[in-house]
Number of protein chains: 2
Amino acid sequence: MTERRPLYLDCDTGIDDSLALAYLLAAPGADLVGVGTVSGNVAAALGAANTLDLLALAGRDDIPVAVGEHDFQAREFDGGAPHVHGANGVGGVELPRTTTAPVAESAPELLVRLARENAGDLRVVAIGPLTNLAAALRLEPRLPELVAEVTIMGGAALVPGNISPVAEANIGNDPEAAREVLAAPWSITLVPLDVTMEHLLEESHRQELLASERPLSRALGEMLGYYYRFYEGVFGRPCSAMHDPLAAAIAVGAVGLRTAPVVHVEVDATQGPGRGQTICDLRGRHLGYPEQPGAHCRVVLELAEDFAPHLVDAIEGRLSAERV
Amino acid sequence: MTERRPLYLDCDTGIDDSLALAYLLAAPGADLVGVGTVSGNVAAALGAANTLDLLALAGRDDIPVAVGEHDFQAREFDGGAPHVHGANGVGGVELPRTTTAPVAESAPELLVRLARENAGDLRVVAIGPLTNLAAALRLEPRLPELVAEVTIMGGAALVPGNISPVAEANIGNDPEAAREVLAAPWSITLVPLDVTMEHLLEESHRQELLASERPLSRALGEMLGYYYRFYEGVFGRPCSAMHDPLAAAIAVGAVGLRTAPVVHVEVDATQGPGRGQTICDLRGRHLGYPEQPGAHCRVVLELAEDFAPHLVDAIEGRLSAERV
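In this text, all values refer to a predicted model and were calculated from it rather than measured experimentally.

Colleague: Where do I start with the overall build of chain A in this structure?
Modeller: Scanning chain A from N- to C-terminus turns up 13 helices and 14 strands. Across its three principal directions, the C-alpha atoms of chain A cover 50 × 45 × 45 Å. Within chain A, buried positions represent 61% of all 324 residues. Counting contacts in chain A only where the partners sit at least 6 residues apart, residues at least 24 apart contribute 82% of the total. In the form shown here, chain A has an accessible surface area of approximately 11,500 Å², with 48% of it arising from carbon and sulfur atoms. Averaging the locations of the 23 positively and 44 negatively charged side chains of chain A gives two centres separated by 2 Å.

Colleague: Before we go on, may I ask you to explain the pattern of salt bridges in this structure?
Modeller: Pairing between side chains becomes possible if they bear opposite charge and their charged atoms approach one another. This model, assessed by the stated rule, comprises 34 salt bridges over all chains. Its salt-bridge partner being A:Arg138, residue A:Glu180 comes within 3.3 Å of it at the nearest N-O pair. Of this pair, A:Glu180 sits in helix 8 (residues 175-183) while A:Arg138 sits in helix 5 (residues 131-139), and the two are 42 residues apart along the sequence. The closest approach of N and O atoms between B:Arg237 and B:Glu202, which form a salt bridge, is 2.6 Å. Here B:Arg237 is found in the loop between helix 11 (215-235) and strand 8 (239-241), whereas its partner B:Glu202 is found in strand 7 (residues 200-202), with 35 residues between them in sequence. Judged by relative accessible area, which is 34%, B:Arg237 ranks as partly exposed.

Colleague: Help me out: how do you make sense of the relation of the copies chain B and chain A in this one?
Modeller: Each of the two chain copies can be brought onto the other by rotation about an axis and movement along it. Each copy superposes on the other: chain B lies on chain A with an RMSD of 0.0 Å after a rotation of 180° and an axial shift of 0.0 Å. In short, the pair behaves as if placed about a two-fold rotation axis. Across chain B, the smallest distance between a C-alpha and the rotation axis is recorded for B:Leu158, namely 2.4 Å. When the interface residues of chain B are mapped onto chain A, 100% of them are again interface residues, pointing to one common binding face.

Colleague: I'm lost on the sheet that holds strand 3 (residues 65-67) of chain B in this one. Help?
Modeller: Sheets are built from strands paired through backbone hydrogen bonds, the pairs being either parallel or antiparallel. Residue and element names in this part refer to chain B. Across the sheet, eight strands lie side by side as 3-2-1-4-5-6-13-10; this open sheet has mixed pairing. What marks the edges here is a single partner per strand, and that holds for strand 3 and strand 10 (262-263). Inspection of the sheet shows strand 1 (residues 5-11) paired to strand 2 (residues 30-37) by seven bridges, in the parallel sense. For Cys 11, the partnering residue across the bridge sits in strand 2 and is Thr 37. On the sheet, helix 12 (residues 243-251) packs against strand 4 (122-126), strand 5 (147-153) and strand 6 (188-191) and is oriented at approximately 155° with respect to strand 5.

Colleague: So what exactly am I meant to see when it comes to empty space enclosed by the protein here?
Modeller: Where empty space is left can be seen by rolling a probe of water-molecule size over the atoms. According to the stated counting rule, one finds one cavity of 30 Å³ or more in the structure shown. By volume, the largest cavity amounts to about 200 Å³. In this structure, the largest cavity is lined by 23 residues; those nearest its centre are A:Ala157, A:Val166, A:Gln277, B:Ala157 and B:Gln277. For the lining of the largest cavity, the residue count by class is 19 nonpolar, four polar and no charged.

Colleague: Hey, could you run me through the interface of chain B and chain A in this one?
Modeller: In this complex, chain B contributes 31 residues to the contact, which on the side of chain A involves 31 residues. Across the chain B/chain A interface, buried area totals approximately 2,400 Å², and carbon plus sulfur atoms make up 66% of it. Interface area lost by chain B to chain A is led by B:Pro273, B:Arg283 and B:His286, which between them contribute 24%. Summed over the shared surface of chain B and chain A, the number is two salt bridges. Residues A:Arg285 and B:Glu198 are paired through a salt bridge, measuring 3.6 Å at the closest nitrogen-oxygen approach. Taken together, chain B and chain A are joined by zero residue pairs in polar contact (both at pLDDT 80 or more). Sorting the residues of the side of chain B that touches chain A by element identifies helix 11, strand 11 (265-267) and strand 12 (278-280) of chain B as the ones contributing at least two each.

Colleague: Would you explain the UniProt feature "domain: Inosine/uridine-preferring nucleoside hydrolase" (unreviewed entry) in chain A in this entry?
Modeller: In this numbering, the UniProt entry assigns the feature "domain: Inosine/uridine-preferring nucleoside hydrolase" (unreviewed entry) to residues 8-304 of chain A. Counting secondary structure, residues 8-304 of chain A comes out at 37% helix and 18% strand; the distance between its end C-alpha atoms is 26 Å.

Cut-off values and rules
- Residues numbered from 1 in each chain as written.
- Chains lettered and ligands numbered in written order.
- Predicted model: local features only at pLDDT ≥ 70, side-chain atom pairs only at ≥ 80, totals over all residues.
- Heavy atoms only, no water.
- Helix = DSSP H or I, 4+ residues; strand = E, 2+ residues; numbered from the N terminus.
- Buried < 20%, exposed > 50% of the residue type's maximum accessible area, 1.4 Å probe, protein only.
- Contact = heavy atoms within 4.5 Å.
- Areas by Shrake-Rupley, 256 points an atom, 1.4 Å probe, with all protein chains shown as cover.
- Lys, Arg positive; Asp, Glu negative; His and termini not counted.
- Charge placed at Lys NZ, Arg CZ, Asp CG, Glu CD.
- Salt bridge = Lys/Arg side-chain N within 4 Å of Asp/Glu carboxyl O.
- Least-squares fit on C-alpha atoms with pLDDT ≥ 70 in both.
- Pairing = 2+ DSSP bridges.
- Axes fitted to C-alpha atoms, helices over the stretch in contact; angles between N-to-C directions.
- 1 Å grid on protein atoms, 1.4 Å probe; cavity = no way out; pocket = protein on both sides within 12 Å on 5 of 7 lines; lining within 4 Å.
- Points joined across faces, edges and corners; volume = space filled by probe spheres on them.
- Nonpolar A, V, L, I, M, F, W, Y, C, P; charged D, E, K, R; others polar.
- Buried area = accessible area lost by both parts, 1.4 Å probe.
- Polar contact = N/O pair within 3.5 Å; in protein donor to acceptor, adjacent residues only side chain to side chain.
- UniProt positions renumbered as here; feature names shortened; annotations may be inferred.

Shown next as structure tokens:
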């Protein structure tokens, strides 16, 4: 049986964040001990409200949710991505409102406390801008020693970006924070658009969620209707990328990776046309990526398996601890 | 029969420049009316001497060769790439020394004069840093109207660079010049590492050249021995990329292109980690690259055919005008 290890999720909930949250609640191997929110898809406070509503819907309002940074390091939050996630962040779906409130700690404070309490064991999954993680590094410079590993949904290595020709939204929203986080000496797995745009949820998956007996699954199916309309402009049919849940699944070791070299990664924090790019040194690709001394970031370029069926199975509670 | 159109070559000769030169002398459809050299693989003056020696070996010392810019816009030339091309630029091969000298004009002056004399008809092929082309644009701001089209070997769109994780040598040596040239309103075809690293010359091709009756072919075969040793560190076997000859062949329309969208391209001329990158807006790839108003740069991402046999056939004089 898979060991259930403590996991802190940093998110900007968000439709695909909702999928990631549902995944982590269901996945054997994950023990979600806290959630922090950051501005990104929506404002940090709205992301926390959405997260609390989703947790209540899943009967898990015991999990602490902390509001994190509202503004980015170099600019104020500008309203997020309502064209992608809807004005309320969950595609206009009206979730039952919980009365549970966020904890008094900030998200960076919650992360630091959990890292100290679970020293050497805490896994961090960041699926929004990296503003909270950068703030936590400043609160506790020993954070990289305390945390077991960090998995980040973000960046684009050998594929185009999604908010500029080279920048992906999570990194591009706060390149200064991302630069700090990627440079800190912890073990990082970066899950970039190279894989999240290659593994899609289709209409059949959405229908499966809509037909579920679980209220959370049905809510996710409804949200995906909104999300699919945005991605129809990208892929030419109703479907969606699976950015955040894929990062969550990779964090708990539930997805096989075919190509994931450990290489030097630097974030472009200039004001030039490459601002927000994750510059990954992949020049060794013809030689199977020889070791790069000092590199500590694994960049996921290719999965070994299809991900969508696993995601739907997990959310629907069809994964046993033995399967993973 | 293919129309032979006037063509100006800007190069930094260089082993693969030598292949491009030999290709253009042999290719039906090309009328090489002038060559300018720029520092890059070697110093501009040495590149001109190599070019004159190669032209003499081919019996074509009637073609004017002009020495161009020695230093880049933002820094001095630093000695080039002897580890790739040898200290003399042609892999240590001792070419018979011609007595023909470069013309008195500079390379930018030669380019401007040829563009005026062949107004609307001149094709420009640039296979070194873009320092000369940028200087020519300043000499004659109407150059983009006078030139029919510009083909540039340079950049990397969706593959790693070769002098940094994202920068290719021709662009990365003089990003300021490249930025000016790519922004000028002429019709550009960019031939980046995306294709030049995918179409390789193998040892069998080299042996074919070494066995030739033509002195130029044999010299090229010898040079390639040096070039292959560098690329053994990249590909793990003796072989080489075909950067420059591929750009030359695409310039004369001799190679079918499978994927070559016309998109916005910007050169990163910051001092950041992305310096020298060609930032190509390829975000429309899932929709077959919808038209981008104002874009004037065709980026070659995929060929429709194998290139190496065509190159060897051309150099060996086995192409008829009808074939192309």
